[in-house]
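# Residue-level structure breakdown
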Amino acid sequence: MADLFPPLATAQVDAKTKVDEKVDYSNLPCPVPYDEVHREAYMSLKAENFEGFRFDFSKGLNQKFSLSHSVMMGPTEVPSQSPDTTIKIPVAHYEFGANYFDPKLMLVGRVMTDGRLNARLKADLSDKLILKANAQLTGEPHMSHSVFNFDYMGKDYRAQLQLGNNALVGATYIQSVTPRLSLGGEVFWAGVPRKSGLGYAARYETDQMVASAQVASTGNVVMNYVQKISEKVSLATDFVYNYFSRDVVASVGYDYILRQSRIRGKVDSNGVTSALLEERLSMGLNFLLSAEIDHKKKDYKFGFGLTVG
Amino acid sequence: MAAAKASLKIKGKGKGSKESSSKYELFKDWTNWSLKKAKVATHYGFIPLIIVLGMKSDPNTHLFQLLSPV
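Residues numbered from 1 in each chain as written. Chains lettered and ligands numbered in written order. Predicted model: local features only at pLDDT ≥ 70, side-chain atom pairs only at ≥ 80, totals over all residues. Heavy atoms only, no water.

### As for the overall build of chain B
Looking only at helices and strands, one finds two helices and zero strands in chain B. In the structure as shown, chain B presents an accessible area of about 6100 Å², 70% of it carried by carbon and sulfur atoms. (Helix = DSSP H or I, 4+ residues; strand = E, 2+ residues; numbered from the N terminus. Areas by Shrake-Rupley, 256 points an atom, 1.4 Å probe, with all protein chains shown as cover.)

This is the structure in structure tokens:
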């Protein structure tokens, strides 16, 4: 549980010694990947709240191989015509999963009772080039998605090329500009709704805080700030603004990592309050409690679960 | 006569463009067919692939160890 910010801490150890002496611009640390620019903020603000009952059983057979069985029972939301009412349908499913972890190859597969397959692959093609693939396959035609990412890690930059089905092409690039500041940009072109987009991101981090911002041509502006109060507590705040649809959301969240439990919660400007508690009952047995209350839409979601292994 | 010549010309043009576009069409059809087969193969074979790789890696596990609840 103490490995909350491992890359952040190592980057800051290098950064502090360099800032104390003089900034050595030829020796900057490698930045976080472009997709993870908001990583610390989303750990508290985008916790995985769920509704209903959840049971996960994970069995390790080998150093590298494990199987998992997971049962979920609860109401699932169905998109409804008016935005004020939410329609929920009770659903139960069982999911079987298999994982294979190798230093150079990682394969994760999950299959549900209705035949949907969720597959992930991560392969180190060379020292600096990583291939990642993610696919959701269903029996229904035209409902499957797959995305392939090629990541190249340079000395103080990262570049990524993304190819998806339905003619989706994207590229991102992020560069460390000073030991604490990294800037990045992305460009993508989607074939099916014929549109292309451009985006920029910036991230400033120190030992105690991380501030990041992202602007995209879809009209989204995201800014967030995370402050690490102590080893156990961190607070985060987030501001999302879309300048085409004029939607604004601001949220404040917390993340407490204690010896036997971890509790994360947030309060939103949409009137949503949520919290997620993960408690370690004993070795390998975790108890989960999740709550999400939407006062505006009057939608109350409570969930509990158990994770074994 | 003129109508016959015109119709021959149109036929000739049509055949020529059909030949060049038919190669492209063949290529597109072939890639679509292979992608469909790859999707079906991944859908059915990904989890068995992981299981086979896992069972072959270092201490070799047997099938009954997969099925037993311990």
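### Points about the interface of chain A and chain B
Taken together, the contact between chain A and chain B spans 26 residues of the former and 19 residues of the latter. Of the roughly 1700 Å² buried at the junction of chain A and chain B (both faces included), carbon and sulfur atoms supply 74%. By the criterion of area lost to chain B, the three top residues of chain A are Lys59(A), Asn62(A) and Phe65(A), representing 28% of everything that side buries. Our count for the chain A to chain B interface comes out at zero salt bridges. The interface formed by chain A and chain B includes seven residue pairs in polar contact (both at pLDDT 80 or more). Going through the elements one at a time, β1 (52–60), β2 (65–78), β3 (87–101), β4 (105–112) and β5 (117–124) of chain A are the ones with two or more residues in the side of chain A that touches chain B. (Contact = heavy atoms within 4.5 Å. Buried area = accessible area lost by both parts, 1.4 Å probe. Salt bridge = Lys/Arg side-chain N within 4 Å of Asp/Glu carboxyl O. Polar contact = N/O pair within 3.5 Å; in protein donor to acceptor, adjacent residues only side chain to side chain.)

### Some details on the confidence of the model for chain A
In this model, chain A carries a mean pLDDT of 89, and residues with pLDDT of at least 70 account for 93%. Confidence over residues 1–19 of chain A falls short of pLDDT 50; this stretch has 23 contacts with residues more than four positions distant or in other chains. (pLDDT = per-residue confidence, 0-100.)

### What about the pattern of salt bridges?
Oppositely charged side chains can form a pair if their charged atoms are brought close together. Residues and elements named next belong to chain A. Summed over the entire model, instances satisfying the criterion amount to 14 salt bridges over all chains. Two residues, Asp 102 and Lys 64, come together in a salt bridge whose shortest N-O distance is 2.9 Å. One end of the pair, Asp 102, is in the loop between β3 and β4; the other, Lys 64, is in the loop between β1 and β2, with 38 residues separating them in the sequence. Given a relative accessible area of 26%, Asp 102 falls into the partly exposed group. Lys 64 sits in the partly exposed class, given a relative accessible area of 26%. Of the charged contacts, one joins Glu 278 and Arg 264 as a salt bridge, the two residues approaching to 2.6 Å between their closest N and O atoms. Taken together, the positions of Glu 278 in strand β17 (residues 272–282) and Arg 264 in strand β16 (residues 261–268) put the pair 14 residues apart, joining distant regions of the chain. A single salt-bridge network, built from bridges that share partners, covers Glu 36, Arg 39, Glu 40, Arg 203 and Glu 205. (Buried < 20%, exposed > 50% of the residue type's maximum accessible area, 1.4 Å probe, protein only.)

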